Amino acid sequence: MPAFMAPVPVPLPDTAGPLDTPQPLKSHGCWYPSVDPSGRYVAFICDRGGVPQLWTGPVGGHEVHLLDSDPHPVKEVAWSPDGRWIAYTTAPGGGEHTRVLCVRPDGTGRRLLAGAEPGSSAYLGCWQHDGSAVAVTVAEPVLAPGGAETEEWLPHAEPGLADQHTYTVRRPAGWATRDGRAVLLGGPHHGDAGPAARVPGGGGGTTRVPLPVDTSGGGQSGLLGDAPPERVSTDDEFRRGRGVPGPREEEVGEVAPEGTAGGGLAAYLVDPLGVAAPALLAVERDAATLRVCDISRDGRLALLRRGPRGRREALVVRTTDLRTTFALPVADGDPWIGRFSPDGTTLWLRSDAAREFAALFAVRLDPGGERLALTVAAERADSGLELLALGRDGHTAVLAWNVRGASELEVTAVTAASAGDARVGPPRTVPLPHEVVTRIPQVGGREGLVLALSGSQRRPGVWWYSEGIARRTEWSSRDEDAVPPGRPPVRPVPLRLTARDGLPLNGWYYRAPGRGSGEPAPCVIHLHGGPEEQERPVFNPLYHELLGRGLDVFAPDVRGSSGHGRSFVDADLGTGRFAAIEDVADCAAHVVVAGLADPRRLAVMGRSYGGYLVMASLVWHPDLFRTGVAACGMSDFATFYAGTEPWIAESAAHKYGHPEHDSELLRALSPMTRVDALRVPLLAVHGEHDTNVPLGESEQFVRAARERGLEAELLMLRDEGHDFLRADSRKLFRRTAADWIERHVGAEGAGTRR
């Protein structure tokens, strides 16, 4: 087999639809925008046809164009810097394996760039700045140069981690030792992101980044001083909200399925026309993720993001020899972690290295990509930098800060190290028409700032700023069309409480319309996935459905959630997961004691990790809830590890525990272990093609409940994976779930169903 099976572009039939004028009352979402070089047109994902598809439209006009009418959901979009191509990622059949395509802006010239082979997968990286090639990451068997098999490489370090001698983050104190011999897991090999160091005598190596951070680089404040090299703590598009499907950090976008157990991930620069041969940028064996985030203007350096959840790492790689010249821990969340300055002397990076919350770092680089200085350029004491975007001229940056779930946006001038010390100017706050920014596709240009926004009163949409005034694009849904007339969306209120061990918890409470403030209500405790996701104040059609049935909703962030600092994210590691299960009970108790919820009419519901928490809560606290709805949840960690994708197993080992070395802990944490304690009816929901959390996880829990004489049902959604991407599937899911809860909890005052 030839080494490094590089992707080869494959021409496809054009599938563009006719020009289409949106119906003004059509309720739909528009997200993941990417702006063309002129700043006048936007490529975006829209579900107005029932499936997330690729569309284009003018920033200041109304006419839109469907570029790919295939029924496969679109997940990511990137317009080339020269304007000639739009690259995008699709999920055939709605499953977890993705492929990368590109098409001309007029809908012609469609071609498949990567992910064509059966069982393979690929996802997008950045474009070269001249638009001649786009970076893609593919999952494939990896062979070393000269035909050497991967088994000849150096032995594994820790599974899911780089070599402990080069990796910049230490494990939490007391975390179980892992030797990498488990068959389900591998781990990146020693040294570079490229293959050279993987063959004895190949040379190269990763430069460990010593901390503390330099204090001479002109950063504003918050330099790390004498901080230790490990993190301070004890150690996703619209999904930052939860309204409609969009790329999420762990489960969408960076997919590495088939081949990772015996192969790996390889990143290439691919010419859409296929004239130039694909150029290898990086390769990782058994990696959890690998994404090319930026390439310097002269092509000398590439910025990569690799590593499993909770242990992400930014790498600067020299493209000439694939040597890693710089490495630094970076935060989870948005995978687009930074950009090079136009002259390549400065790397602007979103990182939470040795700190609770992510900040803007300025990394001064020499011509070879080696670090000269590292400073914190912008930070906040109690909130993290969530999104970072820089203008094409390299002089303007836009920073989105996550402030207790809502976004605060700032625009600031940045100066690269070539002009002295890298620094940022005074920030200017940009007022937002809605609560959450999900993407910043354009910083400057003809039409000014362009944003993807979501909020509690609207569907996700794209906005642009003209003369400092925010304007909704005409093809995005109007706020008043988010729901049918007569039942406006409910604006949630923040709720704070304290867990039984003293840890502060937060959440958002939704009160059903027409209910008095002092009247205890039937209430659904809804648990998000991740577990590193965060509840955001955005419109969620599921919540709207439940509220219309007279059911209140409390959506908390239990320990392990993002948005509250690194220590909070890591508070559920290892045996801390038992405390996360107790958090669910504490949240239910709080809304009861506060007089909001009726203790006799409580239900619990969640998806993915939230689905696991549902099952765990029902067997740990069997008398607390009247019923539960678990979507795509893990019921037994042993069967989960045996059936999930290898890249998911890589990341899960850090978060949940190693399937061999921590087997007793995982058995104790598995709901199936305590299923005899189950007392109430359960509805499980699962996607037919879910290879993240296999369908069997729901099947075995439902079967066990039925064997014990309990009412239990399984709703399997056809042509769906771990995320429910099609409008008809989402509608079926929320109506079935609301029917189930309404029947078992006895809601009252139900409104009009959607």
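For clarity, every value in this text was computed on a predicted model and none was experimentally measured.

So, how was this worked out
- Residues numbered from 1 in each chain as written.
- Predicted model: local features only at pLDDT ≥ 70, side-chain atom pairs only at ≥ 80, totals over all residues.
- Heavy atoms only, no water.
- Salt bridge = Lys/Arg side-chain N within 4 Å of Asp/Glu carboxyl O.
- Helix = DSSP H or I, 4+ residues; strand = E, 2+ residues; numbered from the N terminus.
- Buried < 20%, exposed > 50% of the residue type's maximum accessible area, 1.4 Å probe, protein only.
- Pairing = 2+ DSSP bridges.
- Axes fitted to C-alpha atoms, helices over the stretch in contact; angles between N-to-C directions.
- Polar contact = N/O pair within 3.5 Å; in protein donor to acceptor, adjacent residues only side chain to side chain.
- Expected span 1.5 Å × (residues − 1).
- Left-handed = near helix turned anticlockwise from the far one by under 90°.
- Contact = heavy atoms within 4.5 Å.
- Nonpolar A, V, L, I, M, F, W, Y, C, P; charged D, E, K, R; others polar.
- Core = buried A, V, L, I, M, F, W, Y, C linked by side-chain atoms within 4.5 Å.

1. Observations concerning the pattern of salt bridges
Two side chains with opposite charge may pair up if their charged atoms get near one another.
Piece 1. Summed over the entire model, instances satisfying the criterion amount to 40 salt bridges.
Piece 2. Its salt-bridge partner being R110, residue D70 comes within 3.1 Å of it at the nearest N-O pair. Of the two residues, D70 is situated in the loop between strand 6 (64–68) and strand 7 (74–79) and R110 in the loop between strand 9 (99–103) and strand 10 (111–114); the sequence distance between them amounts to 40 residues.
Piece 3. Of the charged contacts, one joins R559 and D501 as a salt bridge, the two residues approaching to 2.8 Å between their closest N and O atoms. With R559 in the loop between strand 35 (552–557) and helix 2 (566–569) and D501 in the loop between strand 32 (493–498) and strand 33 (504–510), this residue pair connects regions lying 58 residues apart in the sequence.
Piece 4. Among the residues examined, R559 registers a relative accessible area of 5% and is labelled buried.
Piece 5. On the basis of relative accessible area, D501 is assigned to the partly exposed category, the value being 48%.

2. Side note on the sheet that holds strand 18 (residues 324–329)
Piece 1. Across the sheet, which stays open at both edges, the 4 strands sit in the order 15-16-17-18 with antiparallel pairing between neighbours. The open sheet has two edge strands, strand 15 (290–295) and strand 18, and neither has a second partner. For this sheet the average axis-to-axis angle between neighbouring strands, irrespective of direction, equals 25°.
Piece 2. Bridge count between strand 15 and strand 16 (residues 301–306): 5 bridges; the pairing is antiparallel.

3. Overview of the side chain of R566
Piece 1. Tracing the backbone through its elements, the reader meets R566 in helix 2.
Piece 2. At 3.1 Å, the side chain of R566 forms a polar contact with the side chain of D352.

4. Concerning the pairing of strand 33
Piece 1. For strand 33, the tally of buried residues reaches 6 of 7 residues, placing the bulk of the element in the interior.
Piece 2. Where strand 32 meets strand 33, 6 bridges bridge the pair, whose relative direction is antiparallel. Its bridge partner being in strand 33, T498 is matched across the sheet by P504.
Piece 3. In this structure, the hairpin formed by strand 32 and strand 33 is closed by a connection of 5 residues, where G502 is found at a positive phi of approximately 95°.
Piece 4. Pairing of strand 33 with strand 35, which is carried by 5 bridges, proceeds in the antiparallel orientation. What sits directly across from G507, in strand 35, is P556.

5. Notes on the sheet that holds strand 10
Piece 1. Strand order in the open sheet formed by 5 strands is 1-10-9-8-7, and the pairing between neighbours is antiparallel. Among the strands making up the open sheet, the edge pair consists of strand 1 (10–11) and strand 7.

6. Concerning helix 8 (residues 696–707)
Piece 1. In a regular helix each residue adds 1.5 Å, so 12 residues correspond to 16 Å; helix 8 covers 16 Å between its end C-alpha atoms and thus fits that length.
Piece 2. Restricting attention to buried positions, one finds in helix 8 the residues E697, S698, Q700, F701, V702, A704 and A705.

7. Quick notes on the packing of helix 1 (residues 541–548) against helix 9 (residues 727–745)
Piece 1. Contact pair helix 1 / helix 9: the axes reach a minimum separation of 9 Å and the direction vectors enclose 35°. As for how helix 1 packs across helix 9, the hand of that crossing is right-handed. Side by side, helix 1 and helix 9 meet where P541, L542, E545 and L546 of the first sit next to F733, R734, R735, A738 and I741 of the second.
Piece 2. Its residues assigned to classes, the contact of helix 1 with helix 9 comprises 6 nonpolar, no polar and 3 charged.

8. Quick notes on helix 9
Piece 1. Taking 1.5 Å of rise per residue, 19 residues should cover 27 Å, and helix 9 covers 27 Å from first to last C-alpha, within 8% of that figure.
Piece 2. Among all positions of helix 9, only S729, R730, F733, R734, A737, A738, W740, I741, E742, H744 and V745 are buried.
Piece 3. Elements in contact with the buried residues of helix 9: strand 34 (521–527), helix 1, strand 36 (597–607), strand 37 (627–631), strand 38 (682–687) and strand 39 (712–717).
Piece 4. A positive backbone phi angle near 75° is found at G746, which sits one or two residues after helix 9.

9. Some remarks on the nonpolar core
Piece 1. The biggest cluster of nonpolar side chains holds 57 residues, and the ones touching the most others in it are I525, F554 and Y612.
Piece 2. For this core, the element with the most residues is helix 4 (residues 609–620), which contributes 9 residues.
Piece 3. In this structure, F554 is in contact with L495, L497, G507, W508, Y509, C523, V524, I525, H526, C587 and V591, ignoring residues within four places of it in sequence.
Piece 4. L54, L67, A314 and F340 belong to the second largest nonpolar core, which has 54 residues in total.

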